[in-house]
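This is what each chain is made of:
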Amino acid sequence: MSATAKIVELRETTPVADPIDAPQAAAIVGHIDALQGGRVFGWAWDGNHPADRLEVELRLERDGGPPEMLARVAADRPRPDLVGGGIGDGAHAFEAEVTLPEGADPSRVVAVVRSPSTGETATFAQPNPEDQRLDRLLAPHLQRIGERIDAVRRDQRQLAAAQQTIGRMLRDAGEGVTGLRADVSRLETAQGERSDSLADSLRELTERVSGLEVFLMRMDQSLRGLDSASAEMTGGAGWSPLLTVLGSTAGAFLAVLVGWLVLH
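Residues numbered from 1 in each chain as written. Predicted model: local features only at pLDDT ≥ 70, side-chain atom pairs only at ≥ 80, totals over all residues. Heavy atoms only, no water.

1. Re the overall build of the protein
The number of helices and strands found in the protein is three helices and nine strands. Long-range pairs, those at least 24 residues apart, make up 59% of the contacts in the protein with a sequence separation of at least 6. Element-wise, carbon and sulfur atoms account for 59% of the exposed surface of the protein, whose accessible area totals about 18,100 Å². (Helix = DSSP H or I, 4+ residues; strand = E, 2+ residues; numbered from the N terminus. Contact = heavy atoms within 4.5 Å. Areas by Shrake-Rupley, 256 points an atom, 1.4 Å probe, with all protein chains shown as cover.)

Rendered as structure tokens:
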């Protein structure tokens, strides 16, 4: 659990900045997790300047005198539980070795955290024994919750990537269907044109065949008339049979020639 932070004034004087150019005020949060075996563990983070690595000065407060500086470190150590808790990129933990004077009370060790962007500071005291006990009880559960949150975030990213892939596949499929429809339309148009051309050719052929049939009928009548005339001439005037054969052959040739011209 986070201890209550108190914003304190800087000891050194700084020039007054133009409000328009002044950086955004710091929003420092942090916590002293434990002081064990001569080492202090905790974290500190500026929510308004999340990329900053804050400066931490560990002090021992004393009655009737100024605090004693024990160590100075940067809050830049990575910690997975901080990521799960939404504390920036998680690299905001600190750890420092301290040596307490003889008879000093360890509970009076505090962390004074300074923002490098604004120069503002915040002081964090150690939690009371009840809070420490509660922290120890909750820490494993909070860590598991943080890990589950991380897993959910990973699943969300994978789901978003899968959705993008499916979207691309659907777009590609839509474009393929559109292209297929265009091909089918072109094929139907070509088939229609071929069918029309074939129908025209068939009509033309039918007309030519009909004309040939009429011609053959007329030729047949002409040949029958020629045969009758030939028979009369042969019986009455002495026509030669050879002349009759030549006349029939010439008529047949003429019929074939005219038929070829009609069909072509």
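From this point, the narrative continues.
2. Here we look at the environment of Arg-136
Within the secondary structure, Arg-136 is located in helix α2 (residues 129–237). What makes Arg-136 exposed here is its relative accessible area of 56%. Residues Arg-136 and Ala-34 lie 102 residues apart in sequence; the distance between their C-alpha atoms is 9.9 Å. (Buried < 20%, exposed > 50% of the residue type's maximum accessible area, 1.4 Å probe, protein only.)

3. Considerations on the environment of Pro-129
Relative to the elements of secondary structure, Pro-129 occurs in helix α2. Along the chain, Pro-129 and Ser-107 lie 22 residues apart, while their C-alpha atoms are 9.4 Å from each other.

4. Details of the nonpolar core
Ile-28, Val-40, Val-56, Leu-58, Phe-94 and Val-113 are the most contacted members of the largest nonpolar core, which has 20 residues in total. When contributions to this core are tallied by element, the ones reaching two or more residues are β2 (28–36), β3 (39–46), β4 (55–62), β5 (65–74), β7 (91–97), β8 (109–114) and β9 (121–125). In this view, Val-56 contacts Ala-71, Arg-72, Val-73, Ala-75, Phe-94, Ala-111, Val-112 and Val-113; residues no more than four positions away in its chain are not counted. Counting five residues, the second largest nonpolar core, distinct from the first, contains Trp-43, Trp-45, Leu-82 and Ile-87. (Core = buried A, V, L, I, M, F, W, Y, C linked by side-chain atoms within 4.5 Å.)

5. Some remarks on the sheet that holds β7
Whether parallel or antiparallel, the strands of a sheet pair through hydrogen bonds between backbone atoms. What the four strands build is an open sheet, ordered β2-β3-β7-β6; its pairing is antiparallel. The outermost strands of the open sheet, each flanked by one partner alone, are β2 and β6 (77–78). As judged from the two bridges shared by β6 and β7, these two strands associate in the antiparallel manner. In the sheet register, Arg-77 faces β7, and the bridge partner there is Ala-93. (Pairing = 2+ DSSP bridges.)

6. A word on the side chain of His-49
Inspection of the secondary structure assignment puts His-49 in the loop between β3 and β4. Here Gln-24 takes part through its backbone oxygen, which lies 3.2 Å from a polar atom of the side chain of His-49. Once residues within four sequence positions are removed from consideration, His-49 is found in contact with Pro-23, Gln-24, Ala-25, Ala-26, Ser-117 and Thr-118. (Polar contact = N/O pair within 3.5 Å; in protein donor to acceptor, adjacent residues only side chain to side chain.)

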